[in-house]
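Structural characterization, general
Here is how the chains run, residue by residue.
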Amino acid sequence: MRTVPDAVTERLSDLGNVQVAVPVLVLATAYSVRRSRSWAPAVTAGLAMALVPAVIVPLKEWTARPGPLEPWAAGYYPSGHTATSAVAYIGAALLIGPFTRRPWPMASALALTGATAAGLILRGWHWPLDVLASCFLCTPLLLAVAHAVRRTDAPVGGQGLPRT
């Protein structure tokens, strides 16, 4: 018995679609480059997104884990939608965070990633471990983006993060 309508869980899980999540990262990348005039964080975020399939797909093929509602189908572990949403939304928050000096970008990114994960689980497309594994697997990619952002000089016309 489901307590959340299918339309809601479908929309939440759709937040992890490439067509939804990647444009958010592209916009944040453009904003970051325009404000800081530095390409390093933007390129790092783009590479992180490009590496998501390289990290996720081999594990899907290797584990061949069945889905909760489709025990005959394989390739559910780890969740590609969760990985896409995590790298896109959290990467975007890392890129624009230095310009806002407020917690809302990261809070929004975590909420969107969490909503994606919840939608995938409640919809029955992934086990909880599938989405959790994706979050852990994407952590090194996001740490690289955070490192690139920290190493960027001060944005033009504003206060930046100090170089480390």
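Whatever comes next refers back to the structure up there.
Residues numbered from 1 in each chain as written. Predicted model: local features only at pLDDT ≥ 70, side-chain atom pairs only at ≥ 80, totals over all residues. Heavy atoms only, no water.

**Quick notes on the nonpolar core**
Here is the rule we go by: Nonpolar core, defined: a set of buried Ala, Val, Leu, Ile, Met, Phe, Trp, Tyr and Cys residues in which side-chain atoms within 4.5 Å join the residues together. With a 1.4 Å probe rolled over the protein chains alone, any residue whose accessible area is under 20% of its type maximum counts as buried; one over 50% counts as exposed, and the rest are partly exposed. Numbered from the N terminus, helices here are DSSP runs of H or I no shorter than four residues, and strands are runs of E no shorter than two. In what follows, a contact means two residues having at least one pair of non-hydrogen atoms within 4.5 Å.
Membership of the largest hydrophobic core comes to 28 residues, with the highest contact counts inside it found for Leu-25, Val-52 and Val-87. If you list the elements that add at least two residues to this core, you get α2 (18–36), α3 (40–63), α4 (80–100), α5 (104–123) and α6 (128–150). Discounting residues that sit within four places of it in the chain, Leu-25 has contacts with Ala-45, Met-49, Val-87, Ala-88, Gly-91, Ala-92 and Leu-95.

**Focus on the pattern of salt bridges**
In plain terms, the rule: Salt bridge, as used here: a side-chain nitrogen of Lys or Arg that lies within 4 Å of a carboxyl oxygen of Asp or Glu.
The final tally for this structure, using the stated rule, is four salt bridges. Residues Arg-123 and Asp-6 are paired through a salt bridge, measuring 3.7 Å at the closest nitrogen-oxygen approach. In this pair, Arg-123 is assigned in helix α5 and Asp-6 in helix α1 (residues 6–14), connecting sequence segments 117 residues apart. Judged by relative accessible area, which is 16%, Arg-123 ranks as buried. A residue is classified by how much of its surface remains accessible, and Asp-6, at 38% relative accessible area, is partly exposed. For Arg-123, the salt bridge goes to Glu-10, with nearest N and O atoms at 3.7 Å. You can see Arg-123 sitting in helix α5 and its partner Glu-10 sitting in helix α1, a full 113 residues away along the chain.

**A closer look at the environment of Ile-56**
Locating Ile-56 in the fold gives a position in helix α3. Judged by its relative accessible area of 2%, Ile-56 is buried. Separated by 21 residues in sequence, Ile-56 and Tyr-77 have C-alpha atoms that sit 8.3 Å apart. The contact partners of Ile-56, leaving out residues within four places of it in the chain, are Pro-78, Ser-79, Gly-80, Ala-83, Ser-134 and Leu-137.

Geometry only, nothing functional implied.
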